[in-house]
Amino acid sequence: MIESLLVANRGEIARRIIRTAKRLGIRVIAVHSEADADLPFVAEADEAVLIGPPNPALSYRNTEAILAAAKSTGAQAIHPGYGFLSENAEFARTVEASGLIWVGPDADAITAMGDKINARNLMAAAGVPVAPGTTDPAADLDAAVTAGAEIGYPVMVKAAAGGGGMGMGVAVDEAALRTEYDKVRAFAERMFGDGSVLIERYFPRVRHVEVQILGLADGRVVALGERECSVQRRNQKLVEESPSPAVSPELRSRLLAAAVRAGEAVRYRNAGTVECLLDPATGEFFFLEMNTRLQVEHPVTEYVYGIDLVEEQLRVASGLAPTFDPDALSPSGHAIEMRINAEDPKRFLPGPGVVRTWVEPTGEGVRVDSGYTEGNTVTPFYDSLLAKLIVSGATRDEALDRAKAAVAAFQIEGPKNNVPFFAELLTNEEFLSGAYDTGIVSRMR
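Please read these numbers as outputs of a predicted model, since none were measured by experiment. (Residues numbered from 1 in each chain as written. Predicted model: local features only at pLDDT ≥ 70, side-chain atom pairs only at ≥ 80, totals over all residues. Heavy atoms only, no water.)

### Some details on empty space enclosed by the protein
- Under the criterion given, the structure shown has one cavity of 30 Å³ or more.
- In this structure, the largest cavity occupies an estimated 30 Å³ of space.
- Around the largest cavity, the lining residues are His79, Pro80, Gly81, Ser86, Trp102, Val103, Gly104, Pro105, Thr292, Arg293, Leu294 and Gln313.
- In terms of residue class, the lining of the largest cavity is built from five nonpolar, six polar and one charged.
- Among the domains, domain 1 (4–103) and domain 3 (207–444) are the pair contributing at least three residues each to the lining of the largest cavity. (1 Å grid on protein atoms, 1.4 Å probe; cavity = no way out; pocket = protein on both sides within 12 Å on 5 of 7 lines; lining within 4 Å. Points joined across faces, edges and corners; volume = space filled by probe spheres on them. Nonpolar A, V, L, I, M, F, W, Y, C, P; charged D, E, K, R; others polar. Domains from an automatic or database assignment.)

The following block contains the structure:
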């Protein structure tokens, strides 16, 4: 097993990784910006290194500073968490070239799945269903218009190098496509340094379902069930649950088999997620993208399968066998995760500030992965995620009951937060029925 680990991240995911690493007897090094010096993850590490000012480009995305911290502290491995450098193939290569262990998939897999057009083509060749769309970037506006006519409206205009729900627009006709193409291309060039754009079929009433995969040290790829991620605002997730209320045993079998084929197509190692769009009316699903890292919503899978995904990541990176029998995976129960963000609960606009009160719910089947505590300051420099509230139960109904009680007990004062939104959602008949789709939040608003 790895003996010392540098966590190249912050907030709740840094605390989450630190917790498992310390349980395994691994010495943990945190890196932090000036803005995060007082956050819990810094105090909980065995050692902490200041790597720069609040600007992420000068701290959490500063590869030279992170590698220097690893060298100065004698770290043996680097875990990137999610976001920041987690899907940066160049960084992964540099880490390994420096003689360090990268806790994640290899750079070739990150590269292969990082470009959405290349990923679509790879998945189609592997027999994974993909939605109708372009197999090459739309080189210019005329090419985009031609593609839109061939695919049929409405279409999704998407940054090929994008991710996290960013760099996307919907066009219902040619006039809208002309506007969205220019907007998405400009955004992609600014945010990702790559203005490549793809056009694909847009499904107005669809569910977002994903599969957790794990590429083992012996070369096998296993699927650890699916997660329902359709409660979203601005194409970004707010709630995830496992198993999905929309997935039958027969559909689950097809979905998980396709996800395993996806992982095998790129010789995947470590944790990853195959995201799909599901048409609940027909049972058809289509590959959306593959996240070559640990997902924010991994705890719901941990509950249902009774495993620690961070521990499994560390075992794969160490060349060790998993803690479970890959041939006897047995899910049980139901889990729901709610992303507690520093944003107002109506328009979901960011609301940083000083945390004056922070009281986490407790009880059977309740877990809170938090990045903050009372007295901390939520700054505007990073993602608005404050904590993840995860609940589990033997059934979905039991998990929902525990979710209602936990949301009512979660007290946060200071920064704006979306806890009231979850209280509203948990009384919404569409959500409670399980028959919801990605438009549920917009219908609530």
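### Considerations on the pattern of salt bridges
- Scanning the model with the defined rule gives 39 salt bridges in all.
- A salt bridge links Arg16 to Asp308, with the shortest nitrogen-to-oxygen separation between them at 2.7 Å. One end of the pair, Arg16, is in helix 1 (residues 11–23); the other, Asp308, is in the loop between helix 10 (298–305) and helix 11 (309–317), and 292 residues separate them in sequence.
- Among the residues examined, Arg16 registers a relative accessible area of 2% and is labelled buried.
- Taking the shortest distance from any N to any O, the salt bridge between Asp108 and Arg93 comes out at 3.3 Å. One end of the pair, Asp108, is in helix 5 (residues 107–114); the other, Arg93, is in helix 4 (residues 89–97), and 15 residues separate them in sequence.
- Residue classification places Asp108 among the exposed positions, given a relative accessible area of 55%.
- In this structure, a network of salt bridges that share partners links the residues Arg16, Arg19, Arg23, Glu302, Asp308, Glu311, Arg367 and Asp369. (Salt bridge = Lys/Arg side-chain N within 4 Å of Asp/Glu carboxyl O. Helix = DSSP H or I, 4+ residues; strand = E, 2+ residues; numbered from the N terminus. Buried < 20%, exposed > 50% of the residue type's maximum accessible area, 1.4 Å probe, protein only.)

### Quick look at the sheet that holds strand 4 (residues 77–79)
- One open sheet accounts for five strands, arranged 3-2-1-4-5; its pairing is parallel. Each edge of the open sheet is held by one strand with a lone partner, namely strand 3 (47–52) and strand 5 (101–102).
- As paired elements, strand 4 and strand 5 share two bridges and run parallel to each other. Of the residues in strand 5, the one forming a bridge with Ala77 is Ile101.
- Sheet strands in contact with helix 1 are strand 1 (4–7), strand 2 (27–33) and strand 4, and its direction is about 175° off that of strand 1. (Pairing = 2+ DSSP bridges. Contact = heavy atoms within 4.5 Å. Axes fitted to C-alpha atoms, helices over the stretch in contact; angles between N-to-C directions.)

### Considerations on unusual backbone geometry
- Here the amide bond leading from Tyr153 into Pro154 is cis, since omega sits at 5°, within 30 degrees of zero.
- Take Pro154: it is sitting in the loop between helix 7 (141–151) and strand 6 (155–159).
- Residue Pro243 is bonded to the preceding Ser242 through a cis peptide linkage, with omega at 0°.
- Position of Pro243 relative to the elements: it lies in the loop between strand 11 (236–242) and helix 9 (249–265).
- Even without being glycine, Arg234 reaches a positive phi, approximately 50°.
- Inspection of the secondary structure assignment puts Arg234 in the loop between strand 10 (221–233) and strand 11.
- With a phi close to 65°, Phe348 is a non-glycine residue in the positive phi region.
- Mapping Phe348 onto the fold places it in the loop between strand 14 (334–341) and strand 15 (353–354).

### Overview of the sheet that holds strand 8 (residues 197–201)
- Taken in spatial order, the three strands of this open sheet run 7-6-8, and their pairing is antiparallel. With one partner strand each, in any of the chains shown, strand 7 (168–171) and strand 8 form the two edges of the open sheet. Strand-to-strand twist across the sheet, computed as the mean angle between neighbouring axes with direction ignored, equals 25°.
- When strand 6 meets strand 8, the two strands line up antiparallel, connected through five bridges. Each residue of the ladder has a partner; that of Lys158, found in strand 8, is Leu198.

### Quick look at the packing of aromatic side chains
- If you walk through the whole model with that rule in mind, you get 10 aromatic pairs.
- Where Phe91 meets Trp102, the ring centres are 5.6 Å apart and the plane angle is 85°; that geometry is what we call edge-to-face. Taken together, the residues Phe91 in helix 4 and Trp102 in strand 5 connect sequence positions 11 residues apart.
- Members of the aromatic cluster, joined through ring pairs, are Tyr60, Phe84, Phe381 and Tyr382.
- One cation-aromatic arrangement involves Arg207 over Tyr436; the distance from NZ or CZ to the ring centre is 4.7 Å.
- In this structure, Arg396 packs its charged tip against the face of Phe431, placed 5.2 Å from the ring centre. (Phe/Tyr/Trp six-rings, centres within 6.5 Å; stacked < 30°, edge-to-face > 60°. Lys NZ or Arg CZ within 6 Å of the ring centre and 35° of its normal.)

### Remarks on the environment of Ala124
- Of note, Ala124 is situated in helix 6 (residues 116–125).
- Separated by 163 residues in the primary sequence, Ala124 and Phe287 have C-alpha atoms spaced 8.8 Å apart.

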